[in-house]
Amino acid sequence: MSVCTRCGGKPFYTRKYSGETLCAACFKHSITEKTRRTVSKYGMFGPHDRIAVAVSGGKDSLSLLKVLGELYLPRRNEIVAISVDEGVAGYRDEALEHARAVAEELDVEQVVVSYKDLFGFSLDEALDWKEERSVSSCSFCGVFRRRAIDEAAVRAKATVVATAHNLDDYVQTFVMNLMHGDVARLGWLDPTYVDDSFPVRRVKPFMEIYEEEIALYAFQAGIPFQSVSCPYMHEGLRSEVRDYLNMMEANHPGMKNVLLRSSLDVISRFARSSEKESTPCRSCGRPSSNGLCNVCRMKAVVEEHVNMQRNPRSAGGG
Ligand code: SF4
Ligand code: ZN
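The structure reproduced in this document is the subject of the present report.

About the cut-offs
- Residues numbered from 1 in each chain as written.
- Chains lettered and ligands numbered in written order.
- Predicted model: local features only at pLDDT ≥ 70, side-chain atom pairs only at ≥ 80, totals over all residues.
- Heavy atoms only, no water.
- Core = buried A, V, L, I, M, F, W, Y, C linked by side-chain atoms within 4.5 Å.
- Buried < 20%, exposed > 50% of the residue type's maximum accessible area, 1.4 Å probe, protein only.
- Helix = DSSP H or I, 4+ residues; strand = E, 2+ residues; numbered from the N terminus.
- Contact = heavy atoms within 4.5 Å.
- Expected span 1.5 Å × (residues − 1).
- Near = heavy atom within 4 Å.
- Nonpolar A, V, L, I, M, F, W, Y, C, P; charged D, E, K, R; others polar.
- Donors = N, O, S within 2.8 Å, 3.2 Å for Na, K, Ca; no water.
- Tetrahedral: all angles 85-135°; square planar, octahedral: opposite > 155°, others 65-115°.

## Here we look at the nonpolar core
- Core analysis: the biggest nonpolar cluster contains 53 residues, and Phe45, Ile51, Val53, Leu65, Leu68, Tyr72 and Ile79 have the highest contact counts within it.
- If one sorts the elements of this core by residue count, helix H2 (residues 59-72) sits on top with 7 residues.
- Once you skip the residues sitting within four places of it in the chain, Phe45 turns out to touch Val39, Ile51, Leu68, Tyr72, Val160, Ala162, Val203 and Pro205.
- Formed by 36 residues, the second largest nonpolar core is a distinct cluster that contains Val88, Phe144, Ala158 and Val295.

## Re the side chain of Lys256
- Residue position: Lys256 is located in helix H10 (residues 255-270).
- Apart from residues no more than four positions distant in its own chain, Lys256 is found in contact with Leu167, Asp168, Val171, Tyr210, Leu245, Asn246 and Glu249.

## Describing helix H1 (residues 24-41)
- End to end, H1 covers 26 Å across 18 residues, agreeing with the expected 26 Å (1.5 Å per residue, within 8%).
- Along H1, the residues classified as buried are Cys26, Phe27, Ser30, Ile31, Thr32, Lys34, Thr35, Thr38 and Val39.
- Elements in contact with the buried residues of H1: strand E1 (13-15), strand E2 (20-22), H2 and helix H8 (211-220).

## A look at the site of ligand 1
- In the vicinity of ligand 1, the contacting residues are Glu86, Leu123, Cys138, Cys141, Cys230 and Tyr232.
- Tallied by class, the residues present in the shell around ligand 1 amount to 5 nonpolar, no polar and 1 charged.

## Comments concerning the coordination of the zinc ion (ligand 2)
- For the zinc ion (ligand 2), the full set of protein donor atoms is Cys281 (SG), Cys284 (SG), Cys293 (SG) and Cys296 (SG), at a range of 2.2 to 2.4 Å.
- Its 4 donor atoms give the zinc ion (ligand 2) angles of 102 to 116° at the centre, a pattern that matches the tetrahedral case.
- We note that the donor set of the zinc ion (ligand 2) lies within a single chain, spaced as C-x2-C-x8-C-x2-C. Of this pair, Cys281 sits in the loop between strand E8 (279-280) and strand E9 (287-288) while Cys296 sits in helix H11 (residues 294-310); the two residues are 15 residues apart in sequence, bridging distant segments of the chain.
- What makes Cys281 buried here is its relative accessible area of 4%.
- A relative accessible area of 12% means that Cys296 is categorised as buried.

Following this line, the structure appears as structure tokens:
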């Protein structure tokens, strides 16, 4: 029978890509260590950073909060959990409750912002007219979510925002940018790139860890799983890319790791050439490419539809 490669203990998980077998304790330690190495390699946190962890309440973000709590609270970095309530009846409440429970367990503050407060409408109201949109629900929601995370980070007085994007998310985004012909965006994936359109710097401490391993960490750490999924979940191309990469990984263990390294190599060559030209948005003052940022552009369209739903008679210019 095989044993833990590190301590000879009872086997828990085998990394097919490296052949390493780990017991439960060594597996958990390996996730924390991998995160620490990624943070250190890309200089993600300094000793005085106040770290905002973007916590949706899903397994990845709750695991990130736990791992960063374990690594950085003893070093006296301040950590705050920031969460966004999109306003999806029956879905987000459970996730926010999980986020609150883990934040309380770690004794970290939680700052919650909602679409309703920030933009004047909930996601339920905004997606009432989804059949008329050309973008998927998640791409649409993502524009508002990024802005909401910015707002929460500013309110939390954070100096850096950590998001739970893992290796799978990272390589999927890389491949999708290629498929969309969006080569100019590749440089933005550089882990050392500072995007000036965000008021607070963003980092991805899980970017070198497989999604499967984070799910296993969450399970092992007793992190609660959400029982319902978002009713609007529609990732379009991303789910096809995910399935394809999972199939490639199953047939060729380590393929995603190789793709990550290749992506980082390509991205580093694009980093400087893809600096964004920006002008302030005429509505909110944030950086934009053409004088009106995506959030304000989409918000105006949603407002028109939401107003029409609330007050059908006054709409239509009659
Ligand atoms: Fe928004 Fe998609 Fe997440 Fe639902 S699953 S909250 S639509 S990003
Ligand atoms: Zn704007």
